[in-house]
Amino acid sequence: MTENEVALFIDFENIRYGLRNNFGREPDPQILMAKARKYGPVSQAYAYADFTEHPDYFRRKLEVAGITPRDIPRRSPDVAHKSSSDMAMLMDIIDCLLDRPNVTTLILMTGDSDFIRVVARARHRFSKKVIISGIPGSVSNDLIAASDAADPIVEADWATTLPAEVAAPIEPAAKFENSIPELASHERQLIQLIDRLDRTKPYLTFLFVKTHALSPTTQLDFTPMQVDVMMTKFKELGIIRDEVREQEGRTLRFLLLVREHPLVKHVLNGAN
């Protein structure tokens, strides 16, 4: 048995929606595995999601890359995008700490702050090296602080370019020329929150909006996955778009609310 093995745990829903929201891309399992292999031989690799809510080809791509898909159904059939995948991933990490002494490095591909305690436990009680590999703009700063290091999932050309079909906002007038589709109440609430933040903050990012949406002070009772899914939908509809700018010597991807969009006008006018 090889010493200094690596275990890879992928919060697939977090990674996929983070890539789509921040870079307009889909995850490539080969890139994810290659990143883990930098740290040593990978003895176990799992990706967690309710895969019925993702294209079928992701299962095949994960398996070809040597990553085992862990299909975790939603907790309730009545609550969309509320999966138990975080709990399954947490339990597998604990099993790895207890049963795999040759695993010395854990790669957690997630940005979710729910993993802070297990990261701290892995480092301080089990003397493991823990690397947080998430999507820039979608990773909890506290999670990074709890780990040994961060190794973002990003390529050099991603920071400054987006595919044309993603970078260009959808023309609202053309898309909703005849009718305005009805948004769910929680989608309207999120648009109203983005509007408030946009009016009171100097600039917005996806992570900033997500953090506020999940804050108890907003009393919106969203799950992280619900926010990711809604933000992805808003981007696809042209309700929000992103723009890369230089800010205080850093390259940041800002979130912009498209106020002339018919759906945005409909929601905000109805709120007034």
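For the structure, check the block above.
Attention in this report is confined to the structure presented alongside it. (Residues numbered from 1 in each chain as written. Predicted model: local features only at pLDDT ≥ 70, side-chain atom pairs only at ≥ 80, totals over all residues. Heavy atoms only, no water.)

### Focus on the overall build of the protein chain
Put simply, the rule reads: Strands here are runs of E lasting at least two residues and helices are runs of H or I lasting at least four, both read from the DSSP assignment and numbered beginning at the N terminus. Buried, partly exposed and exposed residues are distinguished by accessible area as a fraction of the type maximum, computed with a 1.4 Å probe on protein chains only: under 20%, between the cut-offs, and over 50%, respectively. Here a residue-residue contact requires only that any non-hydrogen atoms of the pair lie within 4.5 Å. The Shrake-Rupley method, run with a 1.4 Å probe sphere, supplies the accessible areas, and residue values consider only the shown protein chains as cover.
Counting its secondary structure elements, the protein chain contains 12 helices and eight strands. Going through the 272 residues of the protein chain one by one, you find that 47% of them count as buried. Considering only contacts within the protein chain whose residues lie at least 6 apart along the sequence, 66% involve residues at least 24 apart. Accessible area of the protein chain: about 13600 Å², with a carbon and sulfur share of 48%.

### A look at the packing of aromatic side chains
As a reminder, the rule being used: The criterion for an aromatic pair is that two Phe, Tyr or Trp rings (for Trp, the six-membered ring) have centres within 6.5 Å, with stacked assigned to planes under 30 degrees apart, edge-to-face to planes over 60 apart and tilted to the rest. Charges are assigned to positions over rings by a cutoff of 6 Å between ring centre and Lys NZ or Arg CZ, combined with an angular limit of 35 degrees from the ring normal.
Enumeration according to the criterion identifies five aromatic pairs in this entry. Their ring planes at 85° and their centres at 4.7 Å tell us that tyrosine 203 and phenylalanine 254 sit as a pair that is edge-to-face. Of this pair, tyrosine 203 sits in the loop between helix 9 (185-200) and helix 10 (206-214) while phenylalanine 254 sits in strand 8 (residues 250-257), placing them 51 residues apart in sequence. Residue phenylalanine 254 is classed as buried on the basis of its relative accessible area of 1%. Within the aromatic cluster, the residues linked to one another by ring pairs are Phe12, Phe51, Tyr57 and Phe58. For the cation-ring pair, arginine 16 lies above tyrosine 17, with the distance from its terminal atom to the ring centre recorded as 5.9 Å.

### Brief notes about the nonpolar core
This is how the line gets drawn: Take the buried Ala, Val, Leu, Ile, Met, Phe, Trp, Tyr and Cys residues and link them wherever side-chain atoms come within 4.5 Å; each set so joined is a nonpolar core.
Counting 25 residues, the largest nonpolar core has Leu190, Ile194, Met231, Ile239 and Ile240 as its most contacted members. Contributions of two or more residues to this core are made by helix 9, helix 10, helix 11 (224-237), strand 8 and helix 12 (262-271).

Don't take any of this as a statement about function, it's just geometry.
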